[in-house]
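Structural characterization, general
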Amino acid sequence: MSEPLLVVKGLTKRFMTGGGWFARPRSMTAVRSVNLTVGRGEVVGVVGESGCGKSTLARLILRLIEPTEGDITLGGTRLSGIGQAELRRERRRMAMVFQDPYSSLDPRYTIAETLAEPFRVHGLPVTQQAISGMLEAVSLPASAALRYPHQMSGGQRQRIGIARALALRPEFVVLDEPTASLDVSIQAQIIELLAALREGFGLTYLFISHDLGLVRYFCDRIVVMYLGAVVEVLPDARAVPRHPYTRALMDSSFAPDPKARREIAPLSGEIPSPFNLPPGCAFAGRCSRAVEACRSASPPLTEEGGHAVACFNPL
Amino acid sequence: MSPLLSIERLSVAIGGVTLLDDISLSLDRGQILGLVGESGSGKSLTALTVTGLLPLIGGRIASGRILFDGTDLASLGPAGLRKLRGGRIGFVMQNPMTALDPVQRIGEQIDVVSRLHLGLSGEAARARTLDLMGQLRIPEAAAVAEAYPHQLSGGMKQRIVIAMALAGEPDLIVADEPTTALDVTVQAQIIQILTGLVRERGLALLLITHDMGVVAQACDRVAVLYAGRVAEERAVDPLFERPAHPYAAALIGCIPREGMAEGSLKGIAGSVPPATQFPPGCRFHPRCPHAVDICRTERPLLRETPDGGLVACHLAERIAG
Amino acid sequence: MTAPSPVSSALPGGLGVLRAAFGRPSGAIAGGWLVLIVLGAIFAPLLTPYAYDAQVLKEAFQPPSLAHPLGTDEFGRDLLTRMLYGARTSLSVSSVSILISVAAGMTLGAAAGYFGGFFDRAVTAVADLTWSFPEILIALILVAIIGPGVSGTMAAIAVAYLAQFARLTRAQIMTLKAETYVEAARSLGAGHAHILFRHLIPNALAPVLVSAMLATGDAIILEATLGFFGLGAQPPTPSWGSMMSSGSALLFKAPWIIVFPGLAVATTVIAINLFGDALIAALDIRDKLGSKP
Ligand SMILES: Nc1ncnc2c1ncn2[C@@H]1O[C@H](COP(=O)(O)OP(=O)(O)OP(=O)(O)O)[C@@H](O)[C@H]1O
Ligand SMILES: Nc1ncnc2c1ncn2[C@@H]1O[C@H](COP(=O)(O)OP(=O)(O)OP(=O)(O)O)[C@@H](O)[C@H]1O
Ligand code: SF4
Ligand SMILES: [Mg+2]
Ligand SMILES: [Mg+2]
């Protein structure tokens, strides 16, 4: 790995929900003791199923929400220790592309206004040429500047979201399922674009997705999450998974190749409620390799040659 | 013997705009036909037409016909269609969240289908409901039957909707993107359940999806729709091996898979135009890397391929060969 | 998958919405009537040869005629003239007070919805409390405190509708706050002021302004009611309410004195409501306007 750009230590977020006249608030841990390092220029993927805490992790890292515990350091600055004013200045160095291209653009802003916003926020001048240049970088015509979001397709809007994120030339970009709501044909366009921009601007990505196939295609290293915790870190896209959950994820994604058809051994059992996690490994109830220890103690994440896994009985 | 479902040169219009143009498909018992295409290509519209729900959204059949087990659906009338739908034709709608009544218990919603279509008594219907839920591997079926929809996960709700579609002992199931909103592990479960039903009971399944991976895993044949027309219709293996239509090839190329070199993922430039702006000639020509002059003016007709498929491309032979 | 939205013309801006509202038959008739009344009020001195306070006692109680199209009152003053000047009072008092009410209500509601916490709970509690009293009661109490007259009436109306605008704005801001574009702005480094004034308030404005328009209709009635009780504009300044008040004693002798101001109030309020409805339809915001139970 190259020099680390982002270092996350022991990051935890507990949400309190409910609570009112008669109900006591319930606490749920959306992200639990996550350690993560992203090297400069790297693309690190985060995969996991809906509700496992991917977006929460993204928001925590960019300090859009405050962590319950843990430390975040970006390029030497301890983000988790600074005040709001300084944080707002630091935001120039990081950016986020959001999952939903429909609600991530203000419907009252023209595209030009949306793209000018990052500059305005930091009191920087912005010119017509700059806007055209930003549009060009994401392969949109300069004429798009005067349109409104509702006049554009999902894929075009997501390009705008990417252009806005890159406006101030950040070093670090979090991509939160940037293609999840798009057709596969459009997804492929966006992925191509992201790869080109990474090359062009020397960006570092944290790429969040629920699609293991996509992450294995696009990312250098892969972090697998299950119910708020990291269960495995694959050192490269070709690494053979050792955690039974990663294996199950891989077996569940279908290759577009009828020759690769296989009997699926689907996971049995339900995902436990995040409000009421069983003791031990959170995956034990669905795992075919579970042993005695899995149901009583939670397996620690142990690393070996860059490949980390949290399992008592790994593959 | 004639196929169970046969769609013949079907065109469908809503408000004067032709949205499905000359679609022909057929499906036999024990077979799974995949229907793929990008958003807006007309997949759901085909499903609504087959299940007789077209009038509900203000559409009408402009030409062509749909034969179900030899009967023309148009000859049935609203009452006959209602009897067929939920009975011999089960429909799994695109959005499981809206298919369930939020204020009725799950069990009652499934019961009512077999009471209505099979004439079962309350007790027999509940027994059948629990049996179906068991077949769909719903744990603690009796408890789930007493729950309300909002208490269930998305994957569980989708299984309930499938149970409802099965309750009337259908011969044909039309499933419109039954797994799009679900996680991959749950998607794998649902697809396995559906293919199992087809193999074991000889059901016919029209499986609508935009995921070529799901098609490759589950289907026997596949029809690729583009802008309201059939681009290619073939058995799954040859389609993936030697796609004859450039659009089918491009769709397959869009899915990242194991061992793919970086930079080899190719999107399809542009997007499906809205129905009022379909171009003349081949509707795919503005996005097609092979397009030549004739593609811009002449509509390519569906032609037979040597392996018994259909393809609508002027250059099909050249591209496949 | 959601289908790509059809490419349509630009977002309807202020003028586009007005045009769309006027495009509906009910909107056109109602809007036309309102324009007529407003023009009448503005150009009153040019439209009539009389002064509103010119008493000609020998011409008292004249029924409508060519010289006095709407007749004269008990002091022989021309009724049409007084109606036009009365429109000035009624319209300006009600619209200015609603404007004050909107400005204050939006500020309170936006701050409460955005910052939440104790301030929000306090604003909500007070708003809920005043919400449960009829506007007329609040207005009467306030006039009793401040004293009758134009400024008392304006303050009374402004306070009476404050809760409505504070609640509506708060609800708007609370939903808009969760939009991804707000989080996107924060991720870019935007501060509270930028998010409030550049994103939240502009997006919350349309429903608040339409409900302000509808409230103006109610305010005209409230103003007329206060005027009827003699608590509004003081003589000789005419207002529709005070004209009806003096006409009520003469209902059988000279019915036109009360009928015409009454008709003016009724038609104006109906026109405002119809036009408001057309605006709601043009803006497509019916679901955003909660109504008072
Ligand atoms: N503000 C919040 N208050 C309470 N609970 C929350 C909040 N935000 C997220 N959660 C809960 O935290 C869990 C993790 O949510 P998160 O959005 O991070 O999941 P995700 O992995 O991004 O899922 P998806 O793939 O659906 O986007 C969920 O159970 C969610 O309900
Ligand atoms: N009720 C309707 N009125 C007018 N046009 C409609 C209506 N329903 C669908 N359409 C149009 O018909 C075309 C096909 O729509 P359809 O819903 O069948 O697409 P789809 O292939 O199912 O797409 P998706 O993947 O988004 O579900 C689209 O252009 C759509 O805009
Ligand atoms: S007909 Fe022409 S434009 Fe259409 S798919 Fe074939 S080559 Fe491409
Ligand atoms: Mg998420
Ligand atoms: Mg559809």
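Residues numbered from 1 in each chain as written. Chains lettered and ligands numbered in written order. Predicted model: local features only at pLDDT ≥ 70, side-chain atom pairs only at ≥ 80, totals over all residues. Heavy atoms only, no water.

- In the nomenclature of an unreviewed UniProt entry, chain C is known as Peptide/nickel transport system permease protein of Gellertiella hungarica.
- In the Subcellular location (unreviewed entry) part of its UniProt record, chain C is described as follows: "Cell membrane".
- On record in UniProt, under Sequence similarities (unreviewed entry), the comment for chain C is "Belongs to the binding-protein-dependent transport system permease family." (UniProt positions renumbered as here; feature names shortened; annotations may be inferred.)

- The name given to chain B in an unreviewed UniProt entry is Oligopeptide/dipeptide ABC transporter ATP-binding protein, with Gellertiella hungarica as the source organism.
- According to its UniProt record, chain B has this under Subcellular location (unreviewed entry): "Cell inner membrane".
- Per UniProt, chain B carries the Sequence similarities (unreviewed entry) text "Belongs to the ABC transporter superfamily."

Remarks on the side chain of T77 of chain A
Residue and element names in this part refer to chain A.
- Structurally, T77 can be placed in strand 5 (residues 77-78).
- A distance of 3.1 Å separates the side chain of T77 from the side chain of R93, its partner in a polar contact.
- Once you skip the residues sitting within four places of it in the chain, T77 turns out to touch I72, E90 and R93. (Helix = DSSP H or I, 4+ residues; strand = E, 2+ residues; numbered from the N terminus. Polar contact = N/O pair within 3.5 Å; in protein donor to acceptor, adjacent residues only side chain to side chain. Contact = heavy atoms within 4.5 Å.)

Section: the interface of chain C and chain A
- The partner chain A presents 30 residues to the 27 residues of chain C that form the contact.
- Summed over both partners, the interface of chain C with chain A buries about 2,600 Å², with 54% contributed by carbon and sulfur atoms.
- Linking chain C to chain A there are 1 salt bridge.
- Notably, a salt bridge pairs E183 of chain C with R59 of chain A, separated by 2.5 Å at the nearest N-O pair.
- Summed over the shared surface of chain C and chain A, the result is 12 residue pairs in polar contact (both at pLDDT 80 or more).
- Of all elements in the fold, only helix 8 (180-188) and helix 9 (192-228) of chain C reach the threshold of two or more residues within the side of chain C that touches chain A.
- With 8 residues, the top contributor of residues to the side of chain C that touches chain A is helix 8 of chain C.
- Classifying every residue of the side of chain C that touches chain A gives 12 nonpolar, 11 polar and 4 charged. (Buried area = accessible area lost by both parts, 1.4 Å probe. Salt bridge = Lys/Arg side-chain N within 4 Å of Asp/Glu carboxyl O. Nonpolar A, V, L, I, M, F, W, Y, C, P; charged D, E, K, R; others polar.)

Topic: unusual backbone geometry
- The residue S139 of chain A is not glycine, and still its phi comes out positive at about 60°.
- Judged by its relative accessible area of 53%, S139 of chain A is exposed. (Buried < 20%, exposed > 50% of the residue type's maximum accessible area, 1.4 Å probe, protein only.)

Observations regarding the sheet that holds strand 7 (residues 172-176) of chain B
All names here are of chain B.
- Spatially, 8 strands are ordered 6-7-8-3-9-10-12-11 in an open sheet, and the strand pairing comes out mixed. Each edge of the open sheet carries a strand with a single partner, namely strand 6 (89-92) and strand 11 (303-304).
- Summarising the sheet, strand 3 (residues 32-36) and strand 8 (residues 204-208) pair through 4 bridges and their orientation is parallel. Considered in strand 8, the bridge of G34 is made with L207.
- Across the sheet, helix 7 (residues 154-167) is in contact with strand 6 and strand 7; its angle to strand 6 comes to roughly 165°. (Pairing = 2+ DSSP bridges. Axes fitted to C-alpha atoms, helices over the stretch in contact; angles between N-to-C directions.)

Points about the UniProt feature "transmembrane region" (unreviewed entry) in chain C
- According to UniProt, the feature "transmembrane region" (unreviewed entry) maps to residues 33-52, 91-116, 136-163, 204-234 and 254-283 of chain C in the numbering used here.
- Within residues 254-283 of chain C, the helical portion is 93% and the strand portion 0%, while the C-alpha atoms at the span's ends are 45 Å from each other.

Things to note about the sheet that holds strand 6 (residues 94-97) of chain A
Residue and element names in this part refer to chain A.
- Spatially, 6-7-8-3-9-10-12-11 is the arrangement adopted by the 8 strands of the open sheet, whose pairing is mixed. Edge positions in the sheet fall to strand 6 and strand 11 (302-304), since each of these pairs with one other strand and no more. Sheet twist, expressed as the mean angle between neighbouring strand axes with direction ignored, is 20°.
- Sheet strands in contact with helix 5 (residues 154-166) are strand 6 and strand 7 (172-176), and its direction is about 175° off that of strand 6.
- Here helix 8 (residues 244-252) sits on the sheet and contacts strand 9 (221-226) and strand 10 (229-234); the angle it forms with strand 9, its principal contact strand, is near 105°.

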